[in-house]
Amino acid sequence: MSEFKKPLISLIITCHNLGEYLPQCVKSIENQTYKNFEIIIVDDFSDEKTKEIIEKNFKNKNIVFRFLNCNEIRVIETKKNEGQLASFLLGLKVARGEFICMIDADDVLLEDYLATHLQVHMRTNVAFTSANVCEIDENSTLHSLASLSFPMFENKQMKLKKEKVADIFNICADEFEVKILNLKNTPFGTWAWAPSTSAMMRKSALEFLLLFKETEHYKTGADKFIFSFLHLIGGSALISQTLYAYRRHSANQSESNPLTGNFRYLKSSQIKRIINWNKMIRLDTLFFIKNNYSYFCARLNPMNVKRLIFNIIFSFNFSTIKKALKALIFKFC
């Protein structure tokens, strides 16, 4: 099959005031075993410190920052703080890859991130894949190999054996598990994936979202809306292999507690966001389909579009209600 081209992967790094972590993030992309990719940095009206780092390291450095396929780093600057979803869509508009990754500027990819995601995509037809995650702190010190940010993690009794110190921190694996999710086992609006950086998405599915106008609703938490929408139209897959490091620090928007990530310790502002997202996501998606009904019908046919609407309306389940009630309880405690 040597006559076929390898897919190009576009990595869109959304960055707002996280410049100190950006060089390490980009370096981890440069070190990938799969080399056919491009990098797009969207500087979402960052502070002067971040702008200076981008200017010094990435802007007008196309000759220096070239990779196997002559894919340079491109920088897009916003004229105001657009938020995570709008910034990502700006990058998506110019992305040339068949597969897309939404990378947070403070995260770090493991070297087989792209190759493993791509392998799963080649063997499935899901709209996106989401991988397991380890955790680091502000100084890139490894804190955990089993993150609560990945719902596949189960806190149960474990039998451990003594290992050499070097083996304890070994996060490479020859084999990994893949779990296919659909609307029957994972209803619309629930959450089954790790955060933004965990995912590789098919551009053909993402292109629907270029028509979405209510981006101000998801200035943070864009992954909640994007993943839910992609799962609705094309399903998803969980990869048990750890493929990136999630950085916990005081500025985290989602898992804002830098120590454990436990839901009960989230900041009150974040709990309010979670409640609002769960209220908005169904209405936003329904109106999005309604306002672009002809486009959806042309791409998916009318019968399938009606199924999408049905799945959104009747997507509530016990897990979703339980989380919503828990969020309300913690809000008033």
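Fair warning: this is a prediction, and the values are worked out from it, not measured in the lab. (Residues numbered from 1 in each chain as written. Predicted model: local features only at pLDDT ≥ 70, side-chain atom pairs only at ≥ 80, totals over all residues. Heavy atoms only, no water.)

Take the pairing of strand S6 (residues 128–136) next. Most of S6 sits inside the fold, with nine of its nine residues counted as buried. Bridge count for S6 against strand S10 (residues 236–247) is nine bridges, and the pairing is parallel. In the strand pairing of S10, Glu-135 is matched with Tyr-246. Where S6 and strand S7 (residues 142–144) come together, two bridges link them in antiparallel fashion. (Buried < 20%, exposed > 50% of the residue type's maximum accessible area, 1.4 Å probe, protein only. Helix = DSSP H or I, 4+ residues; strand = E, 2+ residues; numbered from the N terminus. Pairing = 2+ DSSP bridges.)

Moving on: the nonpolar core. Ile-9, Ile-13, Met-201 and Ile-226 are the most contacted members of the largest nonpolar core, which totals 79 residues. Counting residues per element, this core draws most heavily on helix H7 (residues 222–234), which supplies seven residues. Discounting residues that sit within four places of it in the chain, Ile-226 has contacts with Leu-85, Phe-88, Met-102, Met-201, Leu-206 and Leu-209. Core analysis: the next-biggest nonpolar cluster, separate from the first, contains six residues, Leu-110, Ile-136, Ile-171 and Ala-245 among them. (Core = buried A, V, L, I, M, F, W, Y, C linked by side-chain atoms within 4.5 Å. Contact = heavy atoms within 4.5 Å.)

This part takes up the packing of helix H3 (residues 84–94) against H7. Remark: H3 packs on H7, axes separated minimally by 8 Å, with the N-to-C direction vectors making an angle of 60 degrees. Taken together, the axes of H3 and H7 are oblique relative to one another. Here Gln-84, Leu-85 and Phe-88 of H3 lie close against H7, whose contacting residues are Ala-222, Asp-223, Phe-225 and Ile-226. Here the contact of H3 with H7 is composed, by residue class, of five nonpolar, one polar and one charged. (Axes fitted to C-alpha atoms, helices over the stretch in contact; angles between N-to-C directions. Parallel < 35°, antiparallel > 145°, perpendicular 65-115°, else oblique. Nonpolar A, V, L, I, M, F, W, Y, C, P; charged D, E, K, R; others polar.)

For the rest of this paragraph, the subject is the packing of aromatic side chains. Enumeration according to the criterion identifies 17 aromatic pairs in this entry. An aromatic cluster is built from Phe-208, Phe-212, Tyr-218, Phe-225, Phe-229, Phe-288, Tyr-295 and Phe-296, whose rings are joined through pairwise contacts. Just above the ring of Phe-208 sits the side chain of Arg-299; from NZ or CZ to the centre is 4.4 Å. (Phe/Tyr/Trp six-rings, centres within 6.5 Å; stacked < 30°, edge-to-face > 60°. Lys NZ or Arg CZ within 6 Å of the ring centre and 35° of its normal.)

On the surface, Val-165, Ile-168 and Phe-169 cluster together into a nonpolar patch covering about 300 Å² of accessible area. Its location among the elements puts Phe-169 in the loop between helix H5 (165–168) and strand S8 (178–181). (Patch = residues over 30% accessible without salt bridge, like charges linked within 9 Å, V, L, I, M, F, W, Y side chains within 5 Å. Areas by Shrake-Rupley, 256 points an atom, 1.4 Å probe, with all protein chains shown as cover. Salt bridge = Lys/Arg side-chain N within 4 Å of Asp/Glu carboxyl O.)

Attention now moves to helix H2 (residues 48–57). For H2, the full list of buried residues reads Thr-50, Ile-53 and Ile-54. Along the axis of H2, the buried positions cluster into a sector of 95 degrees, meaning they face one direction only. Opposite the buried face of H2, at more than 90 degrees from it, the exposed residues are Glu-48, Lys-49, Glu-52 and Lys-56. Buried positions along H2 lie against strand S1 (9–15), helix H1 (22–30), strand S2 (37–43) and strand S3 (73–77). (Arc of directions from axis to C-beta.)

In this section: the confidence of the model for the chain. With 82% of its residues at a pLDDT of 70 or more, the chain has an overall mean of 86. Predicted confidence is poor over residues 61–70, with pLDDT under 50, and the contacts of this stretch with residues over four places away or in other chains come to 16 contacts. (pLDDT = per-residue confidence, 0-100.)

In this structure, Phe-45 takes a positive phi of about 55 degrees despite not being glycine. Phi at Asn-301 is positive, roughly 75 degrees, even though this residue is not glycine. By the element assignment, Asn-301 lies in the loop between helix H9 (293–300) and helix H10 (302–313).

Looking at where Ser-236 falls in the secondary structure, it is placed in strand S10. Here Ser-236 falls in the buried class, since its relative accessible area comes to 0%. Polar contacts involving the side chain of Ser-236 include one to the side chain of Trp-193, which spans 3.0 Å. In this structure, Ser-236 is in contact with Val-126, Phe-128, Lys-179, Ile-180, Leu-181, Trp-193 and His-231, ignoring residues within four places of it in sequence. (Polar contact = N/O pair within 3.5 Å; in protein donor to acceptor, adjacent residues only side chain to side chain.)

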